[in-house]
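If you want the building blocks of each chain, they are given just below.
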2 protein chains.
Amino acid sequence: MSSLPTPSEQLQILRRGTDGIVPEEDLLKKLESSATTGRPLQVKLGLDPTAPDIHLGLAVVLRKLRQFQDLGHVATIIIGDFTAMIGDPSGKSLTRKQLSLDEVRDNARTYEEQYTKILDPAKTKVTFNSQWLGALSFHDVILLTAHVTVARVLERDDFANRLAQNRPLSLHELLYPISQAYDSVELRSDVELGGTDQRFNILMGRDLQREYGQEPQVALFTPLLVGLDGVQKMSKSLGNYVGVSEPAESQFAKLLSISDDLMPKYYELCTELPESMYAPLIAQLPMEAKKRLAVEVISYFHSPEAAQHARTEWERVHSQHQLPDEVPDVDVSRSQLQEGRIWVVSLVKALLSCGTNEARRHVQNKAVALEGAKVTEVDAQVELKGGEVLQVGRRHFGRIRLVD
Amino acid sequence: MSSLPTPSEQLQILRRGTDGIVPEEDLLKKLESSATTGRPLQVKLGLDPTAPDIHLGLAVVLRKLRQFQDLGHVATIIIGDFTAMIGDPSGKSLTRKQLSLDEVRDNARTYEEQYTKILDPAKTKVTFNSQWLGALSFHDVILLTAHVTVARVLERDDFANRLAQNRPLSLHELLYPISQAYDSVELRSDVELGGTDQRFNILMGRDLQREYGQEPQVALFTPLLVGLDGVQKMSKSLGNYVGVSEPAESQFAKLLSISDDLMPKYYELCTELPESMYAPLIAQLPMEAKKRLAVEVISYFHSPEAAQHARTEWERVHSQHQLPDEVPDVDVSRSQLQEGRIWVVSLVKALLSCGTNEARRHVQNKAVALEGAKVTEVDAQVELKGGEVLQVGRRHFGRIRLVD
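One structure accompanies this document, and this report is about it. (Residues numbered from 1 in each chain as written. Chains lettered and ligands numbered in written order. Predicted model: local features only at pLDDT ≥ 70, side-chain atom pairs only at ≥ 80, totals over all residues. Heavy atoms only, no water.)

1. A look at the sheet that holds strand 12 (residues 389-392) of chain B
Residue and element names in this part refer to chain B.
Point 1. Reading across the sheet, the five strands line up as 7-13-12-9-10 and stay open at both edges, with mixed pairing between neighbours. Lying at the two open borders of the sheet, with one neighbouring strand each, are strand 7 (329-333) and strand 10 (373-374).
Point 2. Where strand 12 meets strand 13 (residues 396-403), four bridges bridge the pair, whose relative direction is antiparallel. By the bridge assignment, Val389 is partnered in strand 13 with Arg399. (Pairing = 2+ DSSP bridges. Helix = DSSP H or I, 4+ residues; strand = E, 2+ residues; numbered from the N terminus.)

2. Digging into the interface of chain B and chain A
Point 1. Listed by partner, the interface residues are 30 residues for chain B and 30 residues for chain A.
Point 2. Contact between chain B and chain A buries roughly 2,800 Å² in total, counting both sides, with carbon and sulfur atoms accounting for 80%.
Point 3. Broken down residue by residue, the surface that chain B buries against chain A is led by B:Phe138, B:Val150 and B:Leu171, which jointly contribute 28%.
Point 4. Where chain B meets chain A, there are zero salt bridges.
Point 5. Taken together, the connections running from chain B to chain A amount to eight residue pairs in polar contact (both at pLDDT 80 or more).
Point 6. Within the residue set of the side of chain B that touches chain A, elements represented by two or more residues are helix 7 (138-145), helix 8 (150-153) and helix 10 (175-187) of chain B.
Point 7. The element contributing the most residues to the side of chain B that touches chain A is helix 7 of chain B, with six residues. (Contact = heavy atoms within 4.5 Å. Buried area = accessible area lost by both parts, 1.4 Å probe. Salt bridge = Lys/Arg side-chain N within 4 Å of Asp/Glu carboxyl O. Polar contact = N/O pair within 3.5 Å; in protein donor to acceptor, adjacent residues only side chain to side chain.)

3. Some remarks on helix 1 (residues 7-15) of chain A
Residues and elements named next belong to chain A.
Point 1. Along helix 1, the residues classified as buried are Pro7, Gln10, Leu11 and Leu14. Down the axis, helix 1 shows its buried residues gathered within 100° of arc, on one side only.
Point 2. Where the residues of helix 1 are buried, they touch strand 1 (21-22), helix 2 (24-37), helix 3 (56-70) and strand 6 (218-222).
Point 3. A positive backbone phi angle near 70° is found at Gly17, which sits one or two residues after helix 1. (Buried < 20%, exposed > 50% of the residue type's maximum accessible area, 1.4 Å probe, protein only. Arc of directions from axis to C-beta.)

4. A few points about the environment of B:Asp379
Residues and elements named next belong to chain B.
Point 1. Take Asp379: it is sitting in the loop between strand 10 and strand 11 (381-383).
Point 2. Accessibility expressed as a relative area gives 57% for Asp379, which makes it exposed.
Point 3. Linking Asp379 and Pro264, residues 115 residues apart in sequence, is a C-alpha distance of 49 Å.

5. A closer look at the relation of the copies chain B and chain A
The operation relating the pair of chain copies consists of a rotation about an axis and a translation along that axis.
Point 1. Overlaying chain B with chain A gives an RMSD of 0.6 Å, the required rotation being 180° about an axis along which the chain moves by 0.2 Å. Here the copies are linked by what is in effect a two-fold axis. Using C-alpha coordinates, one finds that chain B approaches the rotation axis most closely at B:Ser137, a distance of 2.4 Å.
Point 2. Here 100% of the contact residues of chain B are again contact residues in chain A; the copies associate through an equivalent surface. (Least-squares fit on C-alpha atoms with pLDDT ≥ 70 in both.)

6. With respect to the packing of aromatic side chains
Point 1. All chains considered together, the criterion is met by 10 aromatic pairs over all chains.
Point 2. Geometrically, the ring pair formed by A:Tyr267 and A:Tyr278 is stacked, given 4.8 Å between the ring centres and 10° between the ring planes. Highlighted residues: A:Tyr267 in helix 13 (residues 263-270) and A:Tyr278 in helix 14 (residues 275-284), separated in sequence by 11 residues. Taken as a pair, A:Tyr267 and A:Tyr278 share a single burial class, namely buried.
Point 3. If you follow B:Arg156 out to its NZ or CZ, it ends over the ring of B:Phe159, 4.0 Å from the centre.
Point 4. Against the face of B:Tyr241 rests B:Lys254, its NZ or CZ located 4.5 Å from the ring centre. (Phe/Tyr/Trp six-rings, centres within 6.5 Å; stacked < 30°, edge-to-face > 60°. Lys NZ or Arg CZ within 6 Å of the ring centre and 35° of its normal.)

See below:
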């Protein structure tokens, strides 16, 4: 007897935090059939080999994949090395987009290092779609593309919009959805996961499997995580992301930078905590809620210890750097600058109105910071543009004002 | 010194009977450059391997190709064995359309037997586009299709119409124009000939050659010949065609069946005669004009002797079959019919009011015809529905009337 949850219980678990299961009743049927036959479901996730940094946004779907694994099913990650050749929206940088075999393998290795933080390596297959797509001839492509109508492909929003707005849409781009769909045929996948932006491509997989006489896969969509800026989806190219392999300290600082409004979504998609726990905390103690969110996330990707350490360190540095309500100006004559720089000891003397020796000692004692960065070399020439905050010890602050 | 016409004279000759040269000034430049360098122009004509019967409509463009040969240039016929796999409009009979290698070769042989009636075999290359298109991988197809936008392909009228009218248009069909265009790149063709229905595909060849850094080919369009019905373009599948390899007698009969209105177009496109010769003839002696048209066409594809013989034979048979202005009725009682048939001798007796022996003799002497078909067996039971014309000898006619 299996100790796994029943099919309905599995569905209950899998449904959490999704943005649609199409069709949900088919997922239940597949879970039931798997329970009866003992054959695990084949769960597909396609990843782009051009951006090997896994961030919190991608972790949302990977954690969903992990749930399938924990329920006894098999995950296959398809590295879209072949489809990546088609990927560029404008069609102009096609050549630039092409990766060498070595780059693709490097990226795949990088993925592997990262996804093992989330997935069960023993239940994860990684495969490249160049393996089958790269073997197709023009003749095969004709037979493949005969299975789908132009009208169907042009239903994809971005295609339709670009056509309607007379923005360039290259013919080769129409081959993307069907290539991606063919991966599902090749894999005979039962379920495909993806962000809501993959809706069209994943449903095309269903169509194509049906054309090839296979039982169509179930599409399970996960929501797109909004990036740290609170506006666009989290993505590496937009710089609004938290990488799962980033140091705990960096993750902590980034997560503390999000607006309060974003917290509920981040709790929902990046932690396992129930709403009944985080909602009151956010309402009553938003700063504490944000720190706990960061601790929760870091605990998952690193460890609870690393998370706690990141919090302590952040608080120490942050309180140390806290500026008093009023920071007095420190006048520095431009004539003292050489090529925009000044000796750090002269700066300290200006702030404290002390002698050279005392100023030197503060630097040697690592008590001096300019714009929050320690200056510990007594010979250091620091660059000034005016407006920088100079700090000596815990209590002495001054804002540089350049005067003639 | 070459004895060929000058480039401007060549252009003059080539322009006759065309339906557009795009762009005409480029053709002149190419002819001039060819005259200077001595390098003949590479002239392309694509043919479909699924319909190996060459008819008068196709002969129009083949004769234009022959003109290029006579002016010293090289003709390449591309048998679209690969593109034929894409060709079906509805995308449903894709499998049915696929020809075996043997069939393609058979068809090519059939073409060869026919086009030598028109082209100069020594200056004609025949090649199959499967030779290069069949060697392309999916990767190659992506690079190829990246050169053209979806908007550009959907400018093709039939594509645009089918999309607009929600009629099926399969994705693979969009690959046709670009595949055909790639033939021009492969061939580095200077000129491509085609019917006006090939306008889009041939111009796509120009675009693609430019993308591949080649000097774009000139498109030379020939008008579509209207079929014998005077309504639709001549095509084998519509049955309104005259095959170039048909027997002279059959060609003669078919050409005599066209309406008077069609004659000027047929003279223009199927003969070399100037309008000043045929226009007055048509106006004054339409029947004679039609016979001379047939003689002209048959002389080209067979020989002047064969043409004259066909004319004499047609006139002999035709005048023999000519009905008098009034044909008297011959009453036949339905009770004489057995399963709708009657003994031929009884029929003759009814017409001539003669005895059985005399009637038998007429049949034996091959003097009896029903609906123009000789009946020579004295035992023959002929089928009657009423209204048939019975003829005995040169002068006796009667129209059967069935009576109760």
